[in-house]
Amino acid sequence: MSNVDYKVLVGLEIHVQLYTRTKMFCGCELAFGAEPNSRVCPVCLGMPGSLPVMNKQAVEFSILAGLALNCQIPSFTKWDRKGYYYPDLPKNYQISQYDLPLALNGYIEIPAKDGSFKKIRIKRAHLEEDAGKNLHTAGNFSQVDLNRAGTPLLEIVTEPDMNTAAEVRTLAEELQRIVRYLGVSEADMQKGHMRFEPNVNLIINRAGQEFKTPIVEVKNLNSFKALENSINYEIGRQLDRFLETGETMEMGNKSTRGWDDAKEVTVLQREKEEAHDYRYFPDPDLVPVRVNEQWLNEIKSRLCELPFSRRMRYTKEYSLNDYDAGVLTNDRQVADFFEATVQAGGEPKRVCNLLTQVGLKLANARGCAITELGPKPADIAQLAKMAQTGEISATAANTILEEMVKTGKAPRELAEQLNLIQKSDAGELEGIVDEVLKSNPQAAADFKEGGKKSGKAKGFLLGQVMQKTKGRANPKVASEILDKKLA
Amino acid sequence: MNQLSAKQLRDKIATRQTSSVEATKAVFARIAKIEPTIGAFISTFEEQAIARAAEIDKRIAAGEKVGQLAGVPVAVKDVMCTTFGTTTCASKILANFHAPYNATVVEKLLAADAIIIGKTNCDEFAMGSSTENSGLKQTVNPWDTKRVPGGSSGGSTAAVAAGLCYAALGSDTGGSIRQPASLCGVVGLKPTYGRVSRYGLVAYGSSLDQIGPITQTVEDCALMLNVIAGHDPADSTSVDEKTSPVTDYLAKLNESVKGLKIGIASSFNAGADEQVRKAIDEAIQTYKKLGGTIVEIDMPHLDYAIAAYYMVATAEASSNLARYDGVHYGHRTKNPNDYIEVYTKSRAEGFGKEVKRRIMLGTYALSSGYYDAYYLKALKVRNLIRGDFVRAFEKCDCIMMPVAPTTAFKIGEKVDDPLKMYLSDIYTIAANLAGIPGISIPCGFDDKQLPIGLQILSPAFSEEKLLRIAQMYEKQTDWHKKRPLI
Ligand SMILES: [Zn+2]
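This one's a predicted model, so the numbers in the text were calculated from it and none came from an experiment.

Undergrad: Quick question: what am I supposed to make of the pattern of salt bridges here?
TA: Pairing is possible between side chains of opposite charge, provided their charged atoms come close. Residue and element names in this part refer to chain A. Summed over the entire model, instances satisfying the criterion amount to 51 salt bridges over all chains. Across the pair Arg 311 and Glu 174 runs a salt bridge, and its minimum N-O distance is 3.3 Å. Of this pair, Arg 311 sits in helix H5 (residues 307-317) while Glu 174 is found in helix H2 (residues 165-182), placing the two residues 137 residues apart along the sequence. Both residues of the pair, Arg 311 and Glu 174, count as buried.

Structure below.
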C-alpha cells in the first residue's frame, strides 16, 4: 500500500427537514412522535381525487437557505413527479423538482486545516415531500405510518469537493448551524431532521497511472459520527478492493451501501445501480413557481449574519480565540445574547467567560435557552463591569451569576448579600496589613530583604490579608499597600 | 314522461306548487321501472334523498332561504368523491371504496340544496367513449337500448335523457361530457380548464380533466354552472376570481349575441357522417337566420390532436393511477407472496383492459429515452393547437362543428378496435388540449331516430357568451324537447 498515492473525493446529498408548521402540500401539522397515522388527511394519504397545494413558507425557507448558500435563485421553477413504487409512498410518486430546482450553483465555506477557508460548491437545492415510514412489526405483515408523509424536505447536493471524512463532517455541521440560524430547520439529528448520503470514491495514482474507484453512495446516515465513520470505512474498503481486484469506475457501476452502526461497516444494498427510471414529468396538479424580484428581495431581507462570518468577526472585533468564538456563535440565540451583553457595556472576554463557564452550563442543565435563564443582557453586563473594575473577583462573578439565575436578584444586591464586594478601601486595608505584618515579622523581614525569598514572602503575606478579609480584599490594592509599607 | 327542466322544478318547489319529496319519489319510481333496462347508476340513495327532500320542503315551508337547486334531484358521475356510498370510478379496484371526503363540486351541490340521488356509471376511470369499459355494469342508450350512450359520462347522459334525474355532473377529459350528451340528445358543457374545481374528481388526465353539467336545457346548464363554478383554494389549477370572475350565467342568458361570427373549419368537419354533417349545416343555417355570419377558419394542427391527446392523457393517467396498488385502499389480491405481488396482482385483478392499455401507453411515453420523442412532442403539438384556437378566435366568436362523427353506435361494435373507438373523440379532444370551453346541444336526429349534437367552442372563460349562443339556437328549435320513448 505504501507505493499507492490516492485522493479521496466526496460529494454529499443532505436532506433537511424544514421547520414549517404544516406539511408541504396539505394542512396537516408536522409532529414528531405522534400516534401513527394521526397527522394525515386525504392529500398526504394520496386518496383518489385529492390535490396538492404548495406550502409557500416551505418555498420561502428553501429560497432563504439557497441564498445563504450563495446560490442563484431562478425566477421560474416547477414541480415534477418522481415515480417509483414503495409502500411508504402513498401516491407511488413523490412530488419533487427535477430539472428546475429552487436554487443552484452556490457554495459553502468551511475552515481548512491551515487556517484558510475552502469553498465547497453546491450544485443545487430543491424542495420535495418526504415519504412515510414502514414499520416492520412481527409476523408476515408490515405497517405503514404516514405521519411523516408530505413533510417538506430540502435536498442539498454538493459537488465532490471534499477530500477527507473530517471535512465532510465540518461541512455537515456548518450546514446544521446555517439552517438553524436561518430558522428554516430545527436540524435535530435525533429526530431525523438531517439525513446524509455521501458519494465516495478514490483517485488512485499507481506507478504514474491514475485509476478511479467506482462511486459508492452510502444511504441514509443520520448522525455526524456515522457520516464521518462511514466515509473513513469506505476509503479503506475501496482502497483494499482496488488493490485486490483492480476494479475501476469504468468497470463497476455506482452502487449503494448502507451503514451498520453496530459493526461500523458499510453493507452492500444494490450492486449496480441501473439508471433507475423515475419517469419524471411536470406535475399537472401544481402551477409553476415564479420568483419575482419583489418576493426575492422580501426573502433576502430575512437573511442574517451567518455563523461562519460571525465567528470570524468575533475573533477580530472582540479578540476572542477560535474556540470561544466557535462556542458563542454555534447557536444564534447565544451569539445574539452575547452581543447584546457586550452592547450593554460588558467587556467581551469577561462576558464570554461568564456565558461559557456559567450561562451555557446552566442552560444546558435546565434544558432551556440562554435567554430563558432569567438574567437579562444588561444584568450580566453590570456583573461583568463589577468584575472589570475589581469590585468583585472573577470567581465571585461566576458565583453571583449562578445566584442571579437561582434567585432572580440583581448582581450588586447579591454581591453585598454574599459579602463578595472586594475591600478596596485603602484606609481599612492598611489596618489589616499592619496587623498581618505585626504578627508575621519573619515574613515581613524576608520580603524587605528582597532576593529569592522575597516573592514567596509577599505571597504568604497577601494570603494572610485575604484570609483575614475572608477573600474580599482587592488583591491589587492590598499588594500596593504591602509594597508601600515595606519599601 | 313530460318532465320539467331542473329550473322549472326548482321554481315550482320554491313556490310550493310541488314538493321536493314528490319529485324525488317520482324519480325513484321511474328508476325502479326503467333503470334495470338503462343501467345508468352504480349506486342510488333513495332513503337519504327522500329524507333530505323532506328537510328542504320543510325549510321552504318555513320561509327559509334555500339554495339555487333547492329540492332538485341530480346525479353525479361516480368519479367524484362522496362521503356517502361508494366512489368506484366504475372500476373493480375501487368497487368498495368509501371516500373520506366530498369533492368540492359535491359540497357545492349540497350547499345549493340539490338532492343527490345517485352516482352514475361511466367508463372505468373515465377512459372510453361508450361506457362499455365500465368494470361494473353496462349502460345503454335510452333512444335505442342496443346502442351505447357514449362515454365516458354515459351514465349521466343516459340518466338525464331517460328522466332518471333532472340534471347531472359529468367529467370531460377528451369529450366525455359532450360526446355522450350528443349521443343521448341532451345538453353537455365542458367548462374552461380551471373554471370548476377538480378537488375530489378522481384524476384521469389532470391537465385535461374538467367537471361540467349535463342537462335537459341550456338554461339548466347555466344554472348548474352557477352552482359549481369558481375558485377553490384546494385546487391550485382552478382559476382565481380576480383573473376570471365567475358571473351569473343565467342573468343575460336570453340576450342574443349581436353580429355573431361563427368559425367553421370545413375540411376538418368533412370526416363526419353525412347525416351528422347535414344536421350541423342546418343548425348553422338557423344561426345565419338569427344574424350570424360564417367565417372560414384554418386549424392546421387539429389533425394531430388525437395523437397528442393520447400521449398527454395516458402519461398523466399512468402516474395518477399508480396509487391503486392494494396497499392503502381498494382491491388487494388474496395471499400475495411479497409486497411486489401486492402491487402486480392487485393491479392485474383490479384494472380492466382499456385502463391497462392506457397505463402501459403512458408509462412508455414517460420512459427515459422516449420522453422527448413522445411526451414532450405531444406538449409541443398541444401548444400549436392552442395557437390555432387563439388565431381562430381573433376572427370569430365561436367555432361550430360536430360533437362526434357518428350517432350512437351498437354495443360491442368498436370494443375490439381501440383506434376506431379513439376516433369517436376526434371533434372534442382539441378543446381539452386547448383548455377552452365547449358545449354540445341537440340539433337533430338521423334516420334511425338517434340524436345528433352540435358542438360550439369558444375562447377560455367565455362560458357566459357560449351559453347565450347555445340559447339562441335552443329557443328556435324543439330538438331538446324530444325525449326517448322508454
Ligand atoms: Zn395531510
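Undergrad: Help me understand the sheet that holds strand E3 (residues 80-83) of chain A, please; the structure alone is not making it clear to me.
TA: Two pairing modes exist for strands in a sheet, parallel and antiparallel, and in both the strands are linked by backbone hydrogen bonds. All names here are of chain A. Across the sheet, three strands lie side by side as E4-E3-E15; this open sheet has antiparallel pairing. Edge strands, defined here as strands with exactly one partner in the open sheet, are strand E4 (93-96) and strand E15 (281-282). As paired strands, E3 and E15 are joined by two bridges and run antiparallel to one another. Bridge pairing in E15 places Arg 81 opposite Phe 281.

Undergrad: How should the coordination of the zinc ion be read in this particular structure?
TA: The expected angle between donors at a tetrahedral four-coordinate metal is 109.5 degrees. At an octahedral six-coordinate metal it is 90 or 180 degrees. All names here are of chain A. Around the zinc ion, the donor atoms from the protein are Cys 26 (SG), Cys 28 (SG), Cys 41 (SG) and Cys 44 (SG), and they sit 2.3 to 2.4 Å away. Taken together, the four donor atoms surrounding the zinc ion define angles of 101 to 115° at the centre, an arrangement classified as tetrahedral. Counting along the primary sequence, the residues that act as donors to the zinc ion give the motif C-x1-C-x12-C-x2-C. In this pair, Cys 26 sits in the loop between strand E1 (5-17) and helix H1 (56-68) while Cys 41 sits in the loop between E1 and H1, placing the two residues 15 residues apart along the sequence. Residue class for Cys 26 comes out buried when judged on its relative accessible area of 13%.

Undergrad: Just to check I follow, could you spell out unusual backbone geometry for this structure?
TA: The phi angle of most residues is negative, glycine excepted, and most peptide bonds adopt the trans form. A cis amide bond links Gly 151 of chain B with the next residue in sequence, Ser 152 of chain B, at an omega value of 10°. In this fold, Ser 152 of chain B is placed in the loop between strand E3 (115-120) and helix H5 (154-161). Non-glycine residue Asn 419 of chain A carries a positive phi angle of around 55°. Structurally, Asn 419 of chain A can be placed in the loop between helix H11 (411-417) and helix H12 (426-439).

Undergrad: How do you make sense of the packing of aromatic side chains when you look at a structure like this?
TA: Two measures describe an aromatic ring pair: the distance that separates the ring centres and the angle between the ring planes. Counting across every chain of the model gives 33 aromatic pairs over all chains. Taking 5.4 Å as the distance between ring centres and 40° as the angle between the ring planes, the aromatic pair formed by Tyr 371 of chain B and Tyr 375 of chain B counts as tilted. Owing to a relative accessible area of 18%, Tyr 371 of chain B belongs among the buried residues under this scheme. Relative to Phe 393 of chain B, the ring of Phe 389 of chain B has its centre 6.0 Å away and its plane inclined at 20°; by these criteria the two rings are stacked. Here Phe 393 of chain B and Phe 389 of chain B lie together in helix H13 (residues 372-393), a separation of four residues that amounts to about one turn. Considered together, Phe 389 of chain B and Phe 393 of chain B belong to a single accessibility category, that of buried residues. A cation over an aromatic ring shows up here: Lys 82 of chain A above the ring of Tyr 278 of chain A, its NZ or CZ 4.4 Å from the ring centre. Directly above the aromatic system of Tyr 107 of chain A lies the positively charged group of Lys 119 of chain A, at a separation of 4.2 Å from the ring centroid.

Conventions we followed
Residues numbered from 1 in each chain as written. Chains lettered and ligands numbered in written order. Predicted model: local features only at pLDDT ≥ 70, side-chain atom pairs only at ≥ 80, totals over all residues. Heavy atoms only, no water. Salt bridge = Lys/Arg side-chain N within 4 Å of Asp/Glu carboxyl O. Helix = DSSP H or I, 4+ residues; strand = E, 2+ residues; numbered from the N terminus. Buried < 20%, exposed > 50% of the residue type's maximum accessible area, 1.4 Å probe, protein only. Pairing = 2+ DSSP bridges. Donors = N, O, S within 2.8 Å, 3.2 Å for Na, K, Ca; no water. Tetrahedral: all angles 85-135°; square planar, octahedral: opposite > 155°, others 65-115°. Phe/Tyr/Trp six-rings, centres within 6.5 Å; stacked < 30°, edge-to-face > 60°. Lys NZ or Arg CZ within 6 Å of the ring centre and 35° of its normal.

Any functional reading would require information that these geometric values do not contain.
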